[in-house]
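# Structure assessment
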Amino acid sequence: MVGQSWAPFAPPIARRRPAGHRLPIAREIALKILAPFAALALALSPVAAQSSPASAADITARIEAVTPKVVAWRRDIHANPELANSEVRTGRLVAAHLKRLGFEVRERVAHTGVVGVLRGGRPGPVVALRADMDALPVLEQTGLPFASRAKGRFNGAETPVAHACGHDAHVAMLMGAAEVLAGMKAQIPGTIVFIFQPAEEGPPAGERGGAPMMIEEGVLANPAPGAIFGLHVGPGAPGTIYYRAEGFMAAADTFEIKLTGKQTHGAWPAQGIDIISLSSAIVSELNTVAARTVDVTATPTVLTVATIHGGVRHNIIPEDLTMTGTLRTFDAAQRERIKARMETTVNNLAASYGAKAELTFRVAGALTYNDPALSRAAQPWLEEAAGAANVNPFSRPTTVSEDFSAYQQKIPGVFYFLGASADGVDPATSPPNHSPQFDVNEKVLPLGVRAHVLTALRWLEANPTR
Ligand SMILES: [Zn+2]
Ligand SMILES: [Zn+2]
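None of these values were measured; they are calculated from a predicted model.

What counts, and where the lines are drawn
- Residues numbered from 1 in each chain as written.
- Chains lettered and ligands numbered in written order.
- Predicted model: local features only at pLDDT ≥ 70, side-chain atom pairs only at ≥ 80, totals over all residues.
- Heavy atoms only, no water.
- Donors = N, O, S within 2.8 Å, 3.2 Å for Na, K, Ca; no water.
- Helix = DSSP H or I, 4+ residues; strand = E, 2+ residues; numbered from the N terminus.
- Buried < 20%, exposed > 50% of the residue type's maximum accessible area, 1.4 Å probe, protein only.
- Contact = heavy atoms within 4.5 Å.
- Pairing = 2+ DSSP bridges.
- Axes fitted to C-alpha atoms, helices over the stretch in contact; angles between N-to-C directions.
- Salt bridge = Lys/Arg side-chain N within 4 Å of Asp/Glu carboxyl O.

### So, the coordination of the zinc ion (ligand 1)
Protein-derived ligands of the zinc ion (ligand 1) are Cys165 (SG), Glu201 (OE) and His434 (NE2), with the metal-ligand distances lying across 2.0 to 2.2 Å. Linear spacing of the donor residues for the zinc ion (ligand 1) on their chain is C-x35-E-x232-H. The metal-metal distance between the zinc ion (ligand 1) and the zinc ion (ligand 2) is 3.1 Å, with Cys165 serving as a donor to both. Of this pair, Cys165 sits in the loop between strand S5 (157-160) and helix H6 (167-183) while His434 sits in the loop between strand S18 (413-419) and helix H12 (445-462), placing them 269 residues apart in sequence.

Here you go:
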């Protein structure tokens, strides 16, 4: 166990000091001046509380102490990013840290995942905190001194690799929270499960991974958490937290359209079936499906065709072609309606060209659904972390998706965002996640640690086992 050097099993100061006992004057004055700051008083004293609830000042002092390490971990992980299902070095770093803290540690969960269990000194329920570990096939252009120069293989091709989604910061903040909470072990009324998950961005083609596989491999059992919390860095005023109850991040469906026509010379289109022209018609009509055929005032919907692969030469209209894209929705019924309309649109357009079309869907991410009661309960805890003025519990939904949703399908969970734009930069113009310039304002790292610590601790305190 690491942390401060006070004896964890000594009784509280007030009860321990016998009547008439005089502390050395310097310490007595210090204790008086610092009375509201229990943590500092504790730091000056060789004794501490075993069973009193965790004080805010103690938590603050512990977070300050761990912050330089959190920054160093973040930079180290940032400079050494690893793609989904390849987070070997990152996993080792996490596991070594959790073992040093005295946690029960499981490694290689869902390929490279790590799960640490901290059993508190007081009886109580189980809560889980989650961070994701994977980087992306992106060429970093942040200009940071610790910018990635790493390469990896993604779907068979060599690619640059970078932490363009901030998962480096997520890992470092949860490692920091683990250290803070380990130092307060005696005061923790229950058990905390730390989930370090691979492949949030999705496993490579042909592989499995991410949150669903972590769940299959038992991260929500033995011990079984009653709630789970997680966070994501993103554009936003530094130091702010934003989320919303119910549907927060979109359900994501990946779709693929395979078109088959009849190959011909580019100069003789009438001799074949022009699927290049068909593909462009499909793109414009699918854009119309989302914009004109569903009630856009009800819940947001985004339908994007992102790739078209077909053809090899300027003068050959190809035989076949593949298009892929993503559908983002916040409502189950609307999702089904749009999928049906896409089917009709693609098939009828193909028929009008005399081509064949095959449309397939794959669920890429379920709806990130914040449990309403837990969202309400978490608001004061997040306000304690960030300050009431810096928490927005009624944020707009966001069309990015997140596999944290898989845990929320099993147990109540709350997922929230931590604003991490650079100082003085309008979040609306700061580089978004997945862009080559995406960066995390390191000033927000202690707040992320604090939010993890407080959501876990306050939930355990609010849900005593009877
Ligand atoms: Zn991402
Ligand atoms: Zn992410």
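### Here's the deal with the environment of Glu200
Note that Glu200 resides in the loop between strand S6 (189-197) and helix H7 (211-216). Classification of Glu200 as buried rests on a relative accessible area of 9%. Residues Glu200 and Asp132 lie 68 residues apart in sequence; the distance between their C-alpha atoms is 6.1 Å. Beyond its immediate chain neighbours, meaning those up to four positions away, Glu200 contacts Arg130, Asp132, Asp134, His167, Ser401, Glu402 and Asp403.

### Details of the sheet that holds strand S1 (residues 104-109)
In spatial order, the strands read S1-S2-S6-S3-S7-S18-S8-S17; together these eight strands make up an open sheet with mixed pairing. Among the strands making up the open sheet, the edge pair consists of S1 and strand S17 (391-392). Pairing between strand S2 (residues 113-119) and S6: six bridges, direction antiparallel. Paired with Val117 across the strands is Val193, a residue of S6. The strands touched by helix H10 (residues 372-386) are strand S7 (227-234), strand S8 (241-242), S17 and S18; relative to S7, the strand with the most contacts, the crossing angle is about 50°.

### Observations concerning the coordination of the zinc ion (ligand 2)
Of the protein atoms, only Cys165 (SG), His167 (NE2) and His232 (NE2) coordinate the zinc ion (ligand 2), at distances of 2.1 to 2.5 Å. Positions of the donor residues of the zinc ion (ligand 2), expressed as sequence spacing, correspond to C-x1-H-x64-H.

### So, the side chain of Thr455
Relative to the helices and strands, Thr455 is located in helix H12. Thr455 has contacts with Leu129, Phe229, Trp381, Leu382 and Tyr416, leaving out every residue within four places of it along the chain.

### Description of the pattern of salt bridges
Side chains carrying opposite charge are able to pair once their charged atoms draw close together. As enumerated under the stated definition, the model contains 19 salt bridges in all. Two residues, Glu442 and Arg75, come together in a salt bridge whose shortest N-O distance is 2.6 Å. Placement of Glu442 in the loop between S18 and H12 and of Arg75 in helix H4 (residues 56-79) is noted, with a sequence separation of 367 residues between them. What makes Arg75 partly exposed here is its relative accessible area of 36%. Ionic pairing is found between Arg130 and Asp403, a salt bridge with its closest N-O pair at 2.7 Å. Highlighted residues: Arg130 in strand S3 (residues 122-132) and Asp403 in the loop between S17 and helix H11 (405-408), separated in sequence by 273 residues.

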